[in-house]
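# Notes for the structure review
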Amino acid sequence: MAVELILKNYNLVNNKCRIKTVIGDDDSSAVAALRRLSPYAITKWSDYNHVKKTFNSKLYDIKLNPTLREYFSKSFALAIKQNQGNADKVKKSLENIIPHGFGEHDNCGSFCNKKDESSTYTYFKNGEPLSNNALREKLEKIIQPFINSSSQIAPCASSQVNESFNNIVCSKHPKSRFYGGSESHCYRVTLAVCQKNIGYEFPVEVNKILNLSPGKHTSNYRKKKQLHESEIRSRNSTVPAKKRRLELKRERSAKNSVIENKEGLSYESGSGYLNTSDLIDETSIMRDDVDFKDCAIIIFDLETTGRHAAAEIVQIGAISGDAEFEVYMMAKGNMTFEASEVNGIKICDDKIFDAQKLINCAKTSGFLTEMMMFVKGFCDSLPIFKLLLPMRVKSKLSFKQEELAKEYLYKKDIKISDNALNDVINLQQLVEKLLGKLRLPISKCIMSKIAKSGIDRNLLEKTYETNGYEGLSVLLGENVTKSKKIITSITAALKK
């Protein structure tokens, strides 16, 4: 678009005009295209307002506190505006902003009154200069690109006129409607041009040129509208109005901070595109009334009469630490041939999870209520092993317990898989050995918050792979914590 407007513009070519200076919001691709195709040199000037906003957004990114952010933002703006048109002075002033804040005044100009030891820093805590070296490195990294571009920042150029015209065009030609293919398109843009050049009284002037009566009511209405616009413009340019806008901005910022502290991350530019909250499965959210304090982890296994849904339990084996439990039961029906292949009993652990069989058995026996008083939940080991061993999944290797035991346990520690108790002993050893890879370096409190929010390891890994640290910040900030230390620890663990 820039190339078409500047280098291939029919009107400019016919009138032998050249545009040698371009004002923009640092769209490097457009400027690069112009310079590449232009037969003459083109100078780039940065829009002053966009430069300030870009610098402020960088300060927001490093989570600088509002007071310091206001100080550095104001210093940056003054360094440019007070030296407008002089690139060398702008560069020197920008270079002195960070040292000045950290108590180094050797290169400060006449504006600096901090050389006097009795003077204090109004914006800083206890009136003392900053001393955090890590913060200084971040600030220097932020301001360096602006120092390097001082020649294009110094003119304090503005593209506000273009922005104003775009707004007028949008009022006549709204983006929510498609008028580009209609006959009214040219008239709508022409109206915007007339309003920009003449003002709100342009219909009166157009009628006069066409030798038409402007009309008494039309003239009065347009004069009032023009007067009202002039009053608003004059009022908004006064110092009190500008101060009031800054006050309202601070109030909005403080209000957002309070809301975020109460509810987690409520707004962040671009956070909606990450869609991290949409990934949470509502059915996996843990109930708030479940207390896992002092709960023991029990690993259990069942032996059944077959693989079908109606198969009956014939043996239960369980282990928790050093405590073991084993019981056999008499089945009412016959045992299938497949189930009796291995020592007369076969583990039913295919698509039917043992927990459902145990619950059904407790329900049939009338012990379900009593069981719910002691059992807080169930967890299948197969998805955990698949999560811990992704290369095994990729290679399509078997996840049968016997195969895992052979590969990851010492031969002397492996129990023969002839009954449920031996199976759970092997399973406990596998869990203890492999589960260490799954643990995140976070406290039980944060782990509980993550679980209650419906966030699991799969979701954390998916978010990290898709959006990195930023995605985890949004996901956990909305639901769990905004602590940078915790999020960094989780990120480091997921990297491994």
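Everything here concerns the structure above.
Residues numbered from 1 in each chain as written. Predicted model: local features only at pLDDT ≥ 70, side-chain atom pairs only at ≥ 80, totals over all residues. Heavy atoms only, no water.

Interaxial distance between helix H4 (residues 48-61) and helix H7 (residues 133-148) falls to 10 Å at its minimum, and their mutual angle equals 165°. Relative to H7, the element H4 lies roughly antiparallel. Crossing geometry of H4 relative to H7 is assigned as right-handed. Between H4 and H7, the residues in contact are Val51, Thr54, Phe55, Lys58 and Leu59 and Leu139, Ile142, Ile143 and Phe146, respectively. Residue composition of the contact of H4 with H7, grouped by class: 7 nonpolar, 1 polar and 1 charged. (Axes fitted to C-alpha atoms, helices over the stretch in contact; angles between N-to-C directions. Helix = DSSP H or I, 4+ residues; strand = E, 2+ residues; numbered from the N terminus. Parallel < 35°, antiparallel > 145°, perpendicular 65-115°, else oblique. Left-handed = near helix turned anticlockwise from the far one by under 90°. Contact = heavy atoms within 4.5 Å. Nonpolar A, V, L, I, M, F, W, Y, C, P; charged D, E, K, R; others polar.)

Further remarks concern the packing of helix H6 (residues 87-101) against H7. The packing of two helices is summarised by the inter-axis angle and the distance between the axes. Where H6 meets H7, the axes come as close as 10 Å, and the angle between the chain directions of the two elements is 175°. With respect to their mutual orientation, H6 and H7 come out roughly antiparallel. Contacts between H6 and H7 pair Lys91, Leu94, Glu95, Ile97, Ile98 and Pro99 from the former with Arg136, Leu139, Glu140, Ile143, Phe146 and Ile147 from the latter. Counted by class, the contact of H6 with H7 contains 8 nonpolar, no polar and 4 charged residues.

Over its 15 residues, helix H10 (residues 184-198) extends 21 Å from the first C-alpha to the last, a length consistent with the 21 Å expected when each residue adds 1.5 Å. Immediately beyond the C-terminal end of H10, within one or two residues, lies Gly199, with a positive phi of roughly 110°. (Expected span 1.5 Å × (residues − 1).)

Our focus in this paragraph is the pairing of strand E3 (residues 299-304). Most of E3 is tucked away: 5 of the 6 residues are buried. Here 6 bridges tie E3 to strand E4 (residues 313-320), and the two strands are oriented antiparallel to one another. In the sheet register, Leu302 faces E4, and the bridge partner there is Ile316. (Buried < 20%, exposed > 50% of the residue type's maximum accessible area, 1.4 Å probe, protein only. Pairing = 2+ DSSP bridges.)

This part is about the nonpolar core. Membership of the largest hydrophobic core comes to 27 residues, with the highest contact counts inside it found for Phe55, Phe72, Phe76, Ile80, Leu94, Ile97 and Leu139. Elements supplying a minimum of two residues to this core: H4, helix H5 (66-81), H6 and H7. Here this core takes 7 residues from H5, the largest share from any one element. If we ignore the near neighbours within four places in the chain, the residues touching Leu94 are Phe76, Ala79, Ile80, Ile143, Phe146 and Ile147. (Core = buried A, V, L, I, M, F, W, Y, C linked by side-chain atoms within 4.5 Å.)

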